[in-house]
Amino acid sequence: MPPLVWVDVAMATGPSRDIAHNRNRSAFSTREAKIAALIVDRLRALGIDSNDVGVVTLFRAHAEAVAAAAAALEVGSGSGPPHDEASRDEAPRVSAVQVSTVDAFQGQEKEVMVLSLCGGGGGPFATEARLNVALTRAKRHLIVLGDSKDLSLIHISEPTRQEAISYAVFCL
């Protein structure tokens, strides 16, 4: 697996502006949360231990949406692939993965991190300090989910952006 992967969650019909807000005005995207949960499920299916995977996002409501999507996959009510008889006997595949906000994840690292931007690429919550934490939690592999239009809005220096792009594998 490459060290950096960008998964473009833009809709074929235009930008992925399916962002909603809870009563506390915290943003979430049910569709992007399902994509994050499916990626984590695939990582687990590839043999990566749940303790080595983390999901981080800028918004508490989105972290809750990812956790809910992962739980739905766990019980088979999600849109993920059905699990065979052997996998039913295994330990939980997705729900053991730590899902939290950037602030809650500060000071921790995982082998593989999934950063789900949830439309936060250029918003007021995407400060340089928070993005630094989000981008540096992965020991080996970072998978970033976001709308490709947000990539240019992320507040990092141009040389850093170009270096990251040179290492990235883009999944459309």
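Figured I'd write up the structure that's included with this text. (Residues numbered from 1 in each chain as written. Predicted model: local features only at pLDDT ≥ 70, side-chain atom pairs only at ≥ 80, totals over all residues. Heavy atoms only, no water.)

**Brief notes about the packing of helix α1 (residues 30-45) against helix α2 (residues 60-74)**
In a pair of packed helices, the angle between the axes and the distance between the axes together describe the arrangement.
Thought 1: At a minimum axis distance of 8 Å, the contact between α1 and α2 shows a crossing angle of 55 degrees. Between α1 and α2, the angle is such that the two are oblique. Note that α1 runs across α2; the crossing there is right-handed. Within the contact between the two elements, α1 uses Glu32, Ala33, Lys34, Ala36, Ala37, Leu38 and Asp41 and α2 uses His62, Ala65, Val66, Ala69, Ala70 and Leu73.
Thought 2: Here the contact of α1 with α2 is composed, by residue class, of nine nonpolar, one polar and three charged. (Axes fitted to C-alpha atoms, helices over the stretch in contact; angles between N-to-C directions. Helix = DSSP H or I, 4+ residues; strand = E, 2+ residues; numbered from the N terminus. Parallel < 35°, antiparallel > 145°, perpendicular 65-115°, else oblique. Left-handed = near helix turned anticlockwise from the far one by under 90°. Contact = heavy atoms within 4.5 Å. Nonpolar A, V, L, I, M, F, W, Y, C, P; charged D, E, K, R; others polar.)

**Some details on the pattern of salt bridges**
Thought 1: Under the criterion given, the structure shown has three salt bridges.
Thought 2: Residues Lys139 and Glu111 are paired through a salt bridge, measuring 3.8 Å at the closest nitrogen-oxygen approach. Here Lys139 is found in strand β7 (residues 138-146), whereas its partner Glu111 is found in strand β6 (residues 110-116), with 28 residues between them in sequence.
Thought 3: Several salt bridges converge on common partners, so that one network encompasses Glu111, Lys139 and Arg140. (Salt bridge = Lys/Arg side-chain N within 4 Å of Asp/Glu carboxyl O.)

**Comments concerning the side chain of Arg44**
Thought 1: The topology assignment puts Arg44 in helix α1.
Thought 2: No salt bridge is formed by the buried Arg44; the nearest opposite charge belongs to Asp49, separated by 5.1 Å. (Buried < 20%, exposed > 50% of the residue type's maximum accessible area, 1.4 Å probe, protein only. Lys, Arg positive; Asp, Glu negative; His and termini not counted.)

**Observations concerning the environment of Arg44**
Thought 1: For Arg44, a relative accessible area of 16% puts it in the buried group.
Thought 2: For the pair Arg44 and Val97, spaced 53 residues apart in sequence, the C-alpha separation works out to 9.5 Å.
Thought 3: A distance of 2.8 Å separates a polar atom in the side chain of Arg44 from a polar atom in the side chain of Ser50. (Polar contact = N/O pair within 3.5 Å; in protein donor to acceptor, adjacent residues only side chain to side chain.)

**A closer look at the side chain of Ser29**
Thought 1: Position of Ser29 relative to the elements: it lies in the loop between β3 (27-28) and α1.
Thought 2: The buried category is assigned to Ser29, whose relative accessible area is 0%.
Thought 3: Within the structure, the side chain of Ser29 is placed 3.1 Å from the backbone nitrogen of Glu32, a separation counted as a polar contact.
Thought 4: The residues touching Ser29, leaving out its near neighbours within four places in the chain, are Asp18, Ile19, His62 and Cys118.

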